[in-house]
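Residue strings, one per chain:
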Amino acid sequence: MINQATDLIKENKPQYTYQHIIIDEYQDISYSRFNLIKEIRELSGARLICVGDDWQSIYRFAGSDISLFSNFEKYVGTYEQLFIEQTYRNSQSLIDITSNYIQKNKKQIQKNPKSKKKHLENPINFVYYSQDNAEEALINEIQGLIDKNGNKPILVLGRHSFDINEFIKLTPNSKIKYHERSDKLEIKGFEDVDIKYITVHKSKGLEADNVIVLNLKNHLLGFPNKMTDDPMLSLLLSDDEKYRFAEERRLFYVALTRTKNEVVLLIPNNASLFAEELITDNAFLFTVTDEKPSKTNCPYCKTGQLLIRHNSFNNNQFLGCSHYPGCNQTFNNIEILEKTILCSSCRSGFMTKRSGRFGNFLGCTNYPKCTNTIKLQ
Ligand SMILES: Nc1ncnc2c1ncn2[C@@H]1O[C@H](COP(=O)(O)OP(=O)(O)OP(=O)(O)O)[C@@H](O)[C@H]1O
């Protein structure tokens, strides 16, 4: 239909009197829409103003082409570029993590977003759960957010519309019901709270006080959805992006930035590439946690949590990885959980209190392999 409209304009050359054409969400424009605008612009001589964010271009499957944004001059001619870098929704700590994450793809336009919102210590929470326990895991996190922030709206996001099914038991005693028409998640005990479930695509432009993202699993239909980079699909879709999972990365960026406060990532046993990458890149940030010792990540496998375990021989306590036997990392110093300082040198040990000839200091648990120390005043 759009192509037909363009042809009609070319044929009939209507007299337009527009002085300005303003396009919002320009990052999602397709060639056919662009050609339509081009014709109207040429006939009217209107000034073109395009507003958009290439970090949020997520409609390639529907024909949009990010090169119309990134190669703007090639398609539009001489232009002036202005940046809006002040943001009002997310905390600076979240912006720092998400901006680094999205700009790892050097094809994305480099930007430096800033926030004046108050500091948030842990903007992203990684929650591991077993798929047999999915319902309980989701309800626990909702309870946690309500305990922290009160009855504020919660947006639950899935990569696919069916991602929610894993959390709904097919028995009459299921505590979670999903009303597809209204997007409402009705959860026993939380009837007063506005909880919605939608896909990340649908969440574009929306926001909520708190966000939970489902399905961070390493699977063909996980997040990233691995089918999107299929070479066969590239034959049908526009623009071949070299960066692996470039579009899925932008989609994940959209998911992470819908929150006004924190975002919870629900990760089943096989953590997705994106979840693992975030943890690896921000290990320092995510390991400092006093209140939730059980969420300290294992510095070896990065995706397990360090848990207190008992040695059955001598009943001594030690820390073991939740992914044992997959990961057999242990630490004898359980005080690591109280004050977690990941070693900045080897990044696989923790800094623990030691005493030496010159007094107390922090030394790496990997000593003698790692000799990193921090002086204590
Ligand atoms: N000048 C401002 N002062 C205070 N708050 C603002 C201002 N501008 C926008 N906001 C708030 O910031 C939030 C995000 O605004 P808006 O949805 O317009 O941004 P956006 O750029 O379209 O975001 P996105 O593209 O990520 O969806 C909203 O809650 C809005 O009310």
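Throughout, a residue's number is its position along its own chain's written sequence, starting from 1. Note on the predicted model: pLDDT of at least 70 is required for a residue's local features to be given, and 80 or more for side-chain atom pairs to be given and counted; whole-chain, interface and lining totals, by contrast, use all residues. To get the side-chain values, take all heavy atoms of the structure and skip hydrogens and water.

The protein chain carries the name DNA 3'-5' helicase in an unreviewed UniProt entry, which gives Flavobacterium noncentrifugens as its organism.

Before going further, it helps to examine the sheet that holds strand β16 (residues 359-364). A pair of strands counts as paired when DSSP detects no fewer than two bridges linking them. Working definition: helices are DSSP H or I runs of at least four residues, strands are E runs of at least two. Numbering for both runs from the N terminus. Ordered in space as β15-β16-β17, the three strands form an open sheet in which the pairing is antiparallel. Pairing within the sheet leaves two strands with one partner each, and these edge strands are β15 (351-356) and β17 (373-375). Strand-to-strand twist across the sheet, computed as the mean angle between neighbouring axes with direction ignored, equals 35°. Where β16 and β17 come together, three bridges link them in antiparallel fashion. Looking at the pairing, L362 lines up with I374 of β17. For helices, the fitted line uses only the C-alpha atoms of the stretch in contact; every axis is such a line through C-alpha atoms, and the angle between N-to-C directions lies from 0 to 180 degrees.

Further remarks concern the side chain of K204. Here K204 shows up in the loop between α7 (200-203) and β10 (210-213). A relative accessible area of 14% means that K204 is categorised as buried. Residue exposure (1.4 Å probe, protein chains only): buried if accessible area is under 20% of the type maximum, exposed if over 50%, otherwise partly exposed.

One finds I124, F252, L265 and L278 to be the most contacted residues of the largest nonpolar core, which totals 30 residues. Elements supplying a minimum of two residues to this core: α5 (92-102), β5 (124-128), β6 (154-158), β10, α9 (246-256), β11 (263-267) and α10 (273-281). With five residues, the top contributor of residues to this core is α9. In these notes, a set of buried Ala, Val, Leu, Ile, Met, Phe, Trp, Tyr and Cys residues joined through side-chain atoms within 4.5 Å is what counts as a nonpolar core.

Two numbers describe how α5 lies on α9: the axes approach to 10 Å, and their chain directions differ by 175°. Relative to α9, the element α5 is oriented roughly antiparallel. Between α5 and α9, the residues in contact are L94, T98, Y101 and I102 and R249, R250, F252, Y253 and L256, respectively. Residue polarity is assigned by list, with Asp, Glu, Lys and Arg as charged and Ala, Val, Leu, Ile, Met, Phe, Trp, Tyr, Cys and Pro as nonpolar; anything else, Gly included, falls into the polar class. Within the contact of α5 with α9, the residues separate by chemical class into six nonpolar, one polar and two charged. Note that the term roughly parallel is reserved for angles under 35 degrees, roughly antiparallel for angles over 145, roughly perpendicular for angles of 65 to 115, and oblique for everything else. Only heavy atoms matter for contacts: two residues are in contact if any of them lie within 4.5 Å across the pair.

This part is about the sheet that holds strand β13 (residues 317-321). Within the open sheet, the three strands sit side by side as β12-β13-β14. Their pairing is antiparallel. At either margin of the open sheet sits one strand with a lone partner, and together these are β12 (306-310) and β14 (330-331).

With that settled, the discussion passes to the site of the ligand. Nearness is defined per residue: one heavy atom within 4 Å of the molecule or strand is enough. All residues in the neighbourhood of the ligand are listed as Q56, Y88, R89, G205, E207 and R258. Between N or O atoms, a polar contact is any pair within 3.5 Å; within protein, one atom must be a potential hydrogen donor and the other a potential acceptor, and residues adjacent in sequence are included only when both atoms are from side chains. E207 places a polar side-chain atom, nitrogen or oxygen, 2.4 Å from an oxygen atom of the ligand. Note that accessible areas follow from Shrake-Rupley with a 1.4 Å probe, and for residues the cover is restricted to the protein chains shown. Burial of the ligand by the surrounding chains reaches 42%, relative to a free accessible area of 630 Å². Looking at the shell around the ligand, its residues break down into one nonpolar, two polar and three charged.

With burial as the criterion, only one face of strand β8 (residues 184-187) is covered, namely that bearing L185 and I187; the residues K184 and E186 on the opposite face remain uncovered. Of the strand pairs in this sheet, strand β7 (residues 176-179) and β8 are connected by four bridges, and their pairing is antiparallel. Bridging from a neighbouring strand, I176 pairs with I187 of β8. Hairpin connection from β7 to β8: four residues lie between these consecutive antiparallel strands, with D183 at a positive phi of about 65°.

For the pair α9 and α10, interaxial distance at closest approach is 11 Å and the crossing angle is 65°. Accordingly, the angle class assigned to the pair α9 and α10 is roughly perpendicular. The way α9 lies across α10 gives a crossing that is right-handed. Along the contact surface, α9 presents E248, R249, F252 and L256, while α10 presents F274, E277 and L278. Left-handed describes a crossing whose near helix is turned anticlockwise from the far helix through less than a right angle; right-handed describes the clockwise counterpart.

Our next topic: the packing of aromatic side chains. Stacked, tilted and edge-to-face are the three classes assigned to paired rings of Phe, Tyr and Trp, where Trp is represented by its six-membered ring and a pair needs centres within 6.5 Å; plane angles under 30 degrees give stacked, over 60 edge-to-face, the rest tilted. The full count for this structure, using the stated rule, is 16 aromatic pairs. Where W55 meets Y253, the ring centres are 5.5 Å apart and the plane angle is 90°; that geometry is what we call edge-to-face. Note that W55 is positioned in the loop between β2 (47-50) and α3 (67-70) and Y253 in helix α9, a separation of 198 residues in sequence. We note that W55, like Y253, is buried. Ring geometry for Y59 against F61: centres 5.9 Å apart, planes inclined by 50°, an arrangement best described as tilted. Residue Y59 is classed as partly exposed on the basis of its relative accessible area of 24%.

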